[in-house]
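# Close look at the chain arrangement
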Amino acid sequence: MVYFIKKILRLFRESVPVSFRNIKLVKILFRYFLLFNLLLILFKPAFADLNIPANSQMNVNSGTLAVTGNVNLPAGTSVLSTSTGTVKLTGNWDNTNGSYTPGTGTLEFNGSGAQSLNSGGTAAGKLFYNLKHSGTGTTTAGTNALNIDGSFINTAGTFVTGGQNMTVSHAWTNTAGAATFTHGSATVTLDGTDQNVSGSTTFYNLSKTIAAATGGQSLIFDNTGEQQVEGTLTLQGFNAANKLSLNSDDDDGSPSQSGLTLKPGGLQSMQYLNVKNSDASGAGVSVSGVMLVAGATSTDQ
């Protein structure tokens, strides 16, 4: 690199008129200019962190914003927005004081090392739509709970709740054999209408309830996965006319059962369920008169 700088400077001296050769300021500025650009060309440095200034806004729209570092949303009216786009980061997410407006976009942690996630809370400006973890490293939720209006997707590495509760309105995916979910004694609440659980996950507390007369809802489990609940499992319909349906995602002429393991010592609260193609195992499981039986349909009144 030194050779190229010297060569360019020599060409510069030869091309500049003699009357300007001794102007030190021009020479100094030109040297710094060349050095800066050569560094950009040779080393292609990445800008590590994204710090949105207070009272500023950035809208990714439907594009992809890749940050090879941290995303910090400071105090004030600083806003990061997406419509359907994706924000990817390899560092930490801190929305303690700012505002994130996800639209139907995705926040994706794709780092290979340790990453932290501080949502800042569960109020407006702190929510997520799709929250994805695709990196081989470990992402740990920090001080606040997570409110996900779309899907939770964990395809690689390890996602750690840090004891923070999670609420998910659409699908839950934890890819079996590739991703690890560490529950940290937290509660996962599925608060959408018809929802799917894919892959294999060990939950601590898992809950889905129908809170009003909505005509019934469904919870569909991956027939190739195994869901385990170590703490409290809460599955409740609203009444006899508004039941929660549990089924496998393979419900054809030759259905495959989905696996649900209830750990000894855990608690189960179940009522107003339609259960089909479910294999629930565990020591002496029989709750509220409901047995989740392989290949059978059970109705609890």
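In this report, we go over the structure that sits alongside the text. (Residues numbered from 1 in each chain as written. Predicted model: local features only at pLDDT ≥ 70, side-chain atom pairs only at ≥ 80, totals over all residues. Heavy atoms only, no water.)

### Side note on the environment of Gly 98
The test is simple: Numbering of helices and strands starts at the N terminus; helices are DSSP runs of H or I of at least 4 residues and strands are runs of E of at least 2. For the exposure calls, accessible area comes from a 1.4 Å probe over protein chains only, and a residue counts as buried if that area is under 20% of its type's maximum, exposed if over 50%, partly exposed in between. Throughout, a residue-residue contact means that at least one pair of heavy atoms, one from each residue, lies within 4.5 Å.
Mapped onto the secondary structure, Gly 98 falls in the loop between strand S7 (93-94) and strand S8 (99-101). A residue is classified by how much of its surface remains accessible, and Gly 98, at 8% relative accessible area, is buried. Along the backbone, Gly 98 and Asn 55 are 43 residues apart, and their C-alpha atoms lie at a distance of 9.4 Å. Sequence-distant contacts of Gly 98, defined by excluding residues within four places in its chain, comprise Leu 73, Pro 74, Ser 78, Gly 125 and Lys 126.

### Some points on the sheet that holds strand S13 (residues 146-148)
Note the following rule: One bridge is not enough; two strands pair if DSSP finds at least two bridges between them. With axes taken as lines fitted to C-alpha atoms, and helix axes fitted only over the stretch in contact, angles between N-to-C directions fall between 0 and 180 degrees.
With respect to topology, 6 strands assemble into an open sheet ordered S13-S16-S19-S22-S25-S28, the strand pairing being parallel. Bordering the open sheet on either side are S13 and strand S28 (267-271), each of which pairs with just one other strand. Sheet twist, expressed as the mean angle between neighbouring strand axes with direction ignored, is 10°. Pairing geometry for strand S16 (residues 166-168) and strand S19 (residues 187-190), over 3 bridges, is parallel. Within S19, the residue paired with Val 168 across the bridge is Leu 190.

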